[in-house]
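Geometric and topological summary
Below are the chains, spelled out letter by letter.
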Amino acid sequence: MDFLSENVYIDAGFQHLCESVFVRLCQIVGTSVQVAIRRETRDIMEMVDRRVADNDDVIDMESGSRREGFRLKGSDYDFMYWLNDHRVIFDMSQSEYYYTENNTLILSDSSEGPPGFTLLELLTPTTDREVQSACVPMNDRLYISSSLYRQQTQTHELPGSIVHGPCESGEVPGGFEYDIASCFFCDFWPSAASSWIDRCHSWPDREVFNEIVRNGCHFVPIGHPLGLHGHEEWRISFSLAEHKLVHSMNHCQFLTYGLLKIFLKEVIDKQSEETNNLLCSYHIKTVIFWVIQQNAVPLWCPQNLLAGFWVCFKLLLKWVYEGVCPNFFIPENNLFLSKVHGSAQRKLFLELHGLYEKGLVCLLQSPSIKSNITNVLYNPRLSIYTNEDRMISECDLDEELFNEINSNTSYYPQNLNHCIKYLHTIELMIGEPLTQYQVLMLQRSTATILQSTAFTLHNMYTNTGLNKQMYIADRMSCHMLKLAAKFGCISDMMYIAMFYCKTVRYRKALCITEMIKVKLAQPGLMYRGHVDPERYTEAVGGQSWSTKMRQAVAHDIRLNMHICCINELTPEEQSALHNSTPLCIPLFVVLHFVEFLCYRHTDTTLAQAALEELQVLVHHDQGLYVHDLKRDISWEILGICQQMIGNPQAALYSYQQSITQYPFNKIQNATQLRIQDLHIT
């Protein structure tokens, strides 16, 4: 395959090849619009959470490849958690920015640590038990041990979770992997990374640069493998800066980054057992950061995509040859130091050099893009359209948008004041410059907060004896739930039915469930990734996203763990509160459950019919209406209904099925209590 032999043919053929790979990468990685949706919806969620956070809250941040906008197979869920009232400083003068009465200060001491690593000295007292338990005395001072803190904060509640570097890692059914790291936050940019500031002449731009420096850094609990104090050292993490940098890439740069990740997984890692996993995605990210900043590629565009890939690959090859991968922010920190060395390094270099000698033909070893390359090679006149608008259908784009919005509207206010704080925060954000995706995100977020507010208000005035206040609160709650349903999606109507059921207005609740069933029966319904594209387009094609969401989109039901929404689920909701995990229940399970609860008071025959429908659904559904991760709560609810009608044998079987499922909702304690109750009675 000497298709690069003629100069005249090189230009036309090479550009054609690049365009073909560009199109394929848009299909695998996503178009610029899809990537923007993924990023901007998450941005809004984290922005809202930050603004309503109290000083003593635990803050969480999604990091890693999904936060960057990837949805590749194997893109895991990475989360970082830290105590909002604990702050790291780099020198004592920075302490003046904090009230030590309500903030615990920690001093970074990197005097003896390797580049990129530090010790953390506890300067002021802490009331956090996990921090207290992780403290060790050194040189008459108190330091927070990274290894002890890791042990204290990693719960290993989910089956199969393991320690992976600074993280607790594992996999849930469906192939979703996760990494969770507890860390500490610093508002300041580390002096160890001052050289990065000096290098930022052309990339990133000044606005992104200022935001990165202003947002500081994190410290994750892992020491340098060759450090003097490996069990006490912490690694400086630039996760927030990294995803800001990735977000500042143009789409061709981002797709090149994606191609490098694919090439690592499908080609480099397949060379031999000895070198498999020597390189990781963080090395790939470091490569493209350096290439972009050094202006090593004059033009990043679809017609030049493979040139950018090749420059990155050659830099990676050089680093492996030298055994040095300089951290992008602290170049003195060699990311290869304890991993890529010795015989494995030499073996890896020979393998990479073998790929290099083949030229771009080595990309034919990647199953994901091979056919696109061969199509161009054998059909040089093949028409290729790089217009992204033609690459994804209206239905597929809508599905991406609504799924991202749903996964990023998980707000769980704890009380009425917290609800008001959320609503006020969203109100202020409406006046800020927002993209069309972010406006829709705030719309759905408002619906979610109104639902929590409605149930909170009701619970506050129940059994108080204040009839007038109860009446006013009830009217306000009903109004908020109806308002939420007006600009939410179909499943948001379910909260009205739950409220009517909870307040003993069974016939009204059943009227709502009938309306929901009619909407759910329409052929164009989009539910949890299941949709008939043709019917969907016929029903709502060309209409506004707000209209589509209201008329054709449904999601599963999440219950705020701080609020009792269904009395019959009290033990499960208490378990959720204990684990700080909301109950997530399949929509159709909730629908049949509410119908059963209401019909028990109005028509026993119909109650039995609702129970039978629920039983068929839980026993026989193949993932269409009951996701595998939500089978624990689905079996639980079936058991509750069976127990309520006086069928303890069936209830026991359902509870036993519930407890053998993957513990996604973490209700095992509630299930055990229900089983004990059956044995006692």
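The following paragraphs examine the structure supplied in this document.

Rules and cut-offs
- Residues numbered from 1 in each chain as written.
- Predicted model: local features only at pLDDT ≥ 70, side-chain atom pairs only at ≥ 80, totals over all residues.
- Heavy atoms only, no water.
- Helix = DSSP H or I, 4+ residues; strand = E, 2+ residues; numbered from the N terminus.
- Rg over C-alpha atoms; globule rule 2.2 N^0.38 Å.
- Buried < 20%, exposed > 50% of the residue type's maximum accessible area, 1.4 Å probe, protein only.
- Contact = heavy atoms within 4.5 Å.
- Lys, Arg positive; Asp, Glu negative; His and termini not counted.
- Charge placed at Lys NZ, Arg CZ, Asp CG, Glu CD.
- Axes fitted to C-alpha atoms, helices over the stretch in contact; angles between N-to-C directions.
- Parallel < 35°, antiparallel > 145°, perpendicular 65-115°, else oblique.
- Left-handed = near helix turned anticlockwise from the far one by under 90°.
- Nonpolar A, V, L, I, M, F, W, Y, C, P; charged D, E, K, R; others polar.
- Core = buried A, V, L, I, M, F, W, Y, C linked by side-chain atoms within 4.5 Å.
- Phe/Tyr/Trp six-rings, centres within 6.5 Å; stacked < 30°, edge-to-face > 60°.
- Lys NZ or Arg CZ within 6 Å of the ring centre and 35° of its normal.
- 1 Å grid on protein atoms, 1.4 Å probe; cavity = no way out; pocket = protein on both sides within 12 Å on 5 of 7 lines; lining within 4 Å.
- Points joined across faces, edges and corners; volume = space filled by probe spheres on them.
- Patch = residues over 30% accessible without salt bridge, like charges linked within 9 Å, V, L, I, M, F, W, Y side chains within 5 Å.
- Areas by Shrake-Rupley, 256 points an atom, 1.4 Å probe, with all protein chains shown as cover.
- Salt bridge = Lys/Arg side-chain N within 4 Å of Asp/Glu carboxyl O.
- Polar contact = N/O pair within 3.5 Å; in protein donor to acceptor, adjacent residues only side chain to side chain.

Across its full length, the protein carries 27 helices and 15 strands. Computed over C-alpha atoms, the radius of gyration of the protein comes to 28 Å, within 12% of the 26 Å expected from 2.2 N^0.38 for 681 residues, which places it in the range of a compact globule. If one aligns the C-alpha atoms of the protein with their principal axes, the spans along those axes are about 80 × 75 × 50 Å. Taking all 681 residues of the protein together, the buried fraction comes to 57%. The long-range share in the protein, meaning contacts at least 24 apart out of those at least 6 apart in sequence, stands at 69%. In the protein, which carries 54 positive and 76 negative side-chain charges, the distance between the mean positions of the two groups comes to 5 Å.

Before going further, it helps to spend a moment on the packing of helix 2 (residues 32-52) against helix 15 (residues 416-430). Two elements in contact, helix 2 and helix 15, have axes separated by 10 Å at closest approach and are oriented at 125°. Considered as vectors, helix 2 and helix 15 are oriented oblique to each other. Here the hand of the crossing between helix 2 and helix 15 comes out right-handed. Together, Ile44, Met47, Val48, Asp49, Arg51 and Val52 of helix 2 and His418, Lys421, Tyr422, Thr425 and Met429 of helix 15 make up the contact between the two elements. Of the residues assigned to the contact of helix 2 with helix 15, the class counts are six nonpolar, two polar and three charged.

Another aspect to go through is the nonpolar core. Counting residues in each nonpolar core, the largest one holds 99 residues, and the members touching the most others are Ile144, Leu279, Leu305, Leu306 and Phe329. For this core, the element with the most residues is helix 11 (residues 305-322), which contributes eleven residues. Once residues lying within four places of it in the same chain are set aside, the contact partners of leucine 306 are Phe14, Leu17, Cys18, Val21, Leu259, Leu360 and Leu363. Within the second largest apolar cluster, 71 residues are counted, among which are Ala497, Cys565, Ile633 and Ile675.

With that settled, the discussion passes to unusual backbone geometry. Note the cis peptide between tryptophan 203 and proline 204, where omega equals 0°. Within the secondary structure layout, proline 204 lies in the loop between helix 6 (194-199) and helix 7 (206-214). A positive phi angle, near 50°, is found at arginine 528, a position not held by glycine. Note that arginine 528 resides in the loop between strand 12 (526-527) and helix 20 (533-540). The backbone phi angle of lysine 666 is positive, close to 55°, even though this residue is not glycine. Within the secondary structure, lysine 666 sits in the loop between helix 26 (648-660) and helix 27 (668-680).

Turning to the packing of aromatic side chains, a few remarks are in order. Throughout the structure, instances matching the rule amount to 35 aromatic pairs. An aromatic cluster of at least three residues, connected via ring pairs, comprises Trp189, Trp196, Trp203, Phe209, Phe238, Phe289, Trp290, Phe328 and Phe329. Above the plane of the ring of phenylalanine 328 lies arginine 199, whose end atom (NZ or CZ) is 5.1 Å from the centre. Sitting over the ring of tyrosine 527, arginine 528 keeps its end group 5.8 Å from the ring centre.

Here we come to empty space enclosed by the protein. As enumerated under the stated definition, the model contains two cavities of 30 Å³ or more in all. Of all the secondary-structure elements, those providing two or more residues to the lining of the largest cavity are helix 16 (436-461) and strand 14 (557-559). A class-by-class count of the residues in the lining of the largest cavity yields eight nonpolar, eight polar and four charged. Volume-wise, the second largest cavity comes out at about 40 Å³. Every residue lining the second largest cavity is listed: Asp632, Ser658, Ile659, Gln661, Pro663, Ile667, Gln668 and Thr671. Residue assignment for the lining of the second largest cavity shows that the elements contributing at least two residues are helix 26 and helix 27. Counted by class, the lining of the second largest cavity contains three nonpolar, four polar and one charged residues.

Nonpolar side chains collect at one region of the surface, where Tyr471, Ile472 and Met476 lie side by side and expose about 310 Å² of accessible area between them. Within the secondary structure layout, isoleucine 472 lies in helix 17 (residues 467-487).

In this section: the side chain of glutamate 62. In this structure, glutamate 62 sits in strand 1 (residues 58-63). The exposure class assigned to glutamate 62 is buried, which follows from its relative accessible area of 7%. Engagement of the side chain of glutamate 62 in a polar contact is seen with the side chain of arginine 42, the distance being 3.3 Å. Setting aside anything within four residues of it in sequence, one finds glutamate 62 in contact with Arg42, Glu46, Arg67, Tyr77, Asp78 and Phe79.

Attention now goes to the environment of alanine 193. Mapped onto the fold, alanine 193 is located in the loop between strand 9 (176-186) and helix 6. Among the residues examined, alanine 193 registers a relative accessible area of 0% and is labelled buried. Counting along the chain gives 391 residues from alanine 193 to cysteine 584, while the straight-line C-alpha distance between them is 42 Å. Ignoring sequence-local partners within four residues, the contact set of alanine 193 consists of Phe238, Phe329 and Ile330.

The next thing to look at is the pattern of salt bridges. For the coordinates displayed, the defined rule picks out 28 salt bridges. Across the pair lysine 548 and aspartate 398 runs a salt bridge whose closest N-O atoms are separated by 2.8 Å. With lysine 548 in helix 21 (residues 545-552) and aspartate 398 in helix 14 (residues 394-407), this pair connects stretches of sequence that are 150 residues apart. Take lysine 548: its relative accessible area is 3%, and that puts it in the buried class. Ionic contacts of the salt-bridge type, sharing partners, join the residues Arg42, Asp43, Glu46, Arg50, Asp60, Glu62 and Arg67 into one network.

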